[in-house]
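Results of the structural survey
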Number of protein chains: 2
Amino acid sequence: MIKALEDDLSQTFNIHFKNHDLLDEAFTQASYVNEHPHQGLKFYERIEFLGDAVLQIVVSEYLFKRYPEMPQGKLTRLRAAMVCEASFSDFAKECRFDRYIRLGKGEEKSGARQRPSLLCDIFESFIGALYLDQGRDAVERFVRIVIFPKLDEGRFDHIIDHKSELQELLQKNGDVEIDYELISEEGPENDLTFTVSVIADNQKLATGTGHSKKVAEQNAANMALQKMRGK
Amino acid sequence: MIKALEDDLSQTFNIHFKNHDLLDEAFTQASYVNEHPHQGLKFYERIEFLGDAVLQIVVSEYLFKRYPEMPQGKLTRLRAAMVCEASFSDFAKECRFDRYIRLGKGEEKSGARQRPSLLCDIFESFIGALYLDQGRDAVERFVRIVIFPKLDEGRFDHIIDHKSELQELLQKNGDVEIDYELISEEGPENDLTFTVSVIADNQKLATGTGHSKKVAEQNAANMALQKMRGK
């Protein structure tokens, strides 16, 4: 079973574990160890303890550097939304980690394989194992594929609020007039797409689209921020 | 004022900041910035956000490696006792950080300089600044002086329980009989010192002392663990 995981990691992420026991440990629940008492197996919990802290620092440092103007309160809320059971459980499923967990029979029957708390644990323990096996750089490469793009995809926009962020950045050195201008409304009545431009002191900064004016404005502000950061 | 901090860090910890602004930021509270609006000052909160995560990973990795047999639950309790307001506020005072915080007048009057929550924040922001200025190795050197020795001094023994740990380690590969033998009770009636040896299968492993039999036994078990780990 874990061979299939190694193949998957290799093909999907170009990750190759040196210490295969670590990877086994990261995907093995205590219930499985209890059912196989003479195989000298270990379960994931200790590695998960480490992985949790690794994710905290990697995400914190990324947010700190990516949002140089964001105040601590918002950084903390954003980190909490990214580093939480719901997010990690989704990431684990996206990575197909649910397929490879070694569970005891009772746990399997009770549906543990799809339980968010277990999927979250396994995501953390995988990160812990990757860190122990290959160091922080390997973890960074992995989260740059699996976690950080979610920021650009708008998954955490309810916390980030690009419009406020753009306003803070533009008005840092004095007053700037910021307007959002509706450029077009297109598509069928029940599936409209709005296009909005953001304009600062009569200069167009960027354009964004969305299925509501509100989302289109946020996307326009986000595009402007990315341009200003040279992305 | 911050010059005095730089001298203190240099003499006490041989730490020399390259980016002096970072160190200033780490020791400056928002109330001080508000009272000096035209100096372009920053306050510590963003750096504290980062420092918090740096301390989590440094302490977690140390505990994970130092206690290879400790189950996750105990690791988590131990980390929570080390990485908390009460501990960080004590560490900040030991490092004399309270002297160097830049506070607004109102905060100063209300006694903020000795408030545990502020001292904790400043300890974290100092770590964040050190990390940004000199990287993780410098943080590790610092916490090896300021935090980790507290484990050997017994500050967290109420959580660690060396006796249980020694028992787990010794009985890992089968039954071992463990005894604690009182060797002596010395000193004046109101300040007795107990000396206890720990014996496994009739072989003396180590000896510990303390002002109660319980503490002496914990210290003996801790000494035995340190010997077994080749410390």
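Residues numbered from 1 in each chain as written. Chains lettered and ligands numbered in written order. Predicted model: local features only at pLDDT ≥ 70, side-chain atom pairs only at ≥ 80, totals over all residues. Heavy atoms only, no water.

Chain A is annotated in an unreviewed UniProt entry as Ribonuclease 3 from Pediococcus stilesii. The annotation that UniProt attaches to chain A under Cofactor (unreviewed entry) is "Mg(2+)". What UniProt states about chain A under its Subcellular location (unreviewed entry) heading is, verbatim, "Cytoplasm". (UniProt positions renumbered as here; feature names shortened; annotations may be inferred.)

Frequently, the measure chosen for interface size is the accessible area removed from exposure when the parts meet. Every contact between the two is made by 27 residues of chain B and, on the other side, 27 residues of chain A. Across the chain B/chain A interface, buried area totals approximately 2400 Å², and carbon plus sulfur atoms make up 62% of it. A per-residue breakdown of the area chain B buries against chain A is headed by Arg46(B), Phe49(B) and Phe64(B), which together make up 37% of the total. Counting every contact that joins chain B to chain A gives 2 salt bridges. Of the charged contacts in the structure, one is a salt bridge between Asp52(B) and Arg79(A), with a shortest N-O distance of 3.3 Å. Across the chain B-chain A interface, the total number found is 18 residue pairs in polar contact (both at pLDDT 80 or more). When residues of the side of chain B that touches chain A are traced back to their parent elements, those giving at least two are helix 4 (45-66), helix 5 (72-82) and helix 8 (116-134) of chain B. Considering each element in turn, the side of chain B that touches chain A owes the most residues, 15 residues, to helix 4 of chain B. (Contact = heavy atoms within 4.5 Å. Buried area = accessible area lost by both parts, 1.4 Å probe. Salt bridge = Lys/Arg side-chain N within 4 Å of Asp/Glu carboxyl O. Polar contact = N/O pair within 3.5 Å; in protein donor to acceptor, adjacent residues only side chain to side chain. Helix = DSSP H or I, 4+ residues; strand = E, 2+ residues; numbered from the N terminus.)

So, on to the pairing of strand 3 (residues 203-210) of chain A. All names here are of chain A. Bridge count for strand 2 (residues 193-200) against strand 3 is 7 bridges, and the pairing is antiparallel. From the neighbouring strand, Val196 faces strand 3, where its bridge partner is Gly208. Here strand 2 hands over to strand 3 after 2 residues, with Asp201 in that stretch at a positive phi of 45°. (Pairing = 2+ DSSP bridges.)

Here we come to the relation of the copies chain B and chain A. Both copies of the chain are related by one operation, a rotation about an axis with a shift along it. Overlay of chain B on chain A (RMSD 0.1 Å): rotation 180°, translation along the axis 0.0 Å. Expressed as an axis order, the relation between the two copies is that of a two-fold axis. Of the interface residues in chain B, 100% have counterparts in chain A that sit at the interface too, so the contact is made through matching surfaces. (Least-squares fit on C-alpha atoms with pLDDT ≥ 70 in both.)

Residue and element names in this part refer to chain B. What the 3 strands build is an open sheet, ordered 1-2-3; its pairing is antiparallel. Looking along the sheet, the strands with just one partner apiece sit at the ends: strand 1 (178-186) and strand 3 (203-210). The sheet shows a mean angle of 20° between the axes of neighbouring strands, direction not considered. The sheet strands contacting helix 12 (residues 162-170) are strand 1, strand 2 (193-200) and strand 3, and the helix crosses strand 1 at an angle near 145°. (Axes fitted to C-alpha atoms, helices over the stretch in contact; angles between N-to-C directions.)

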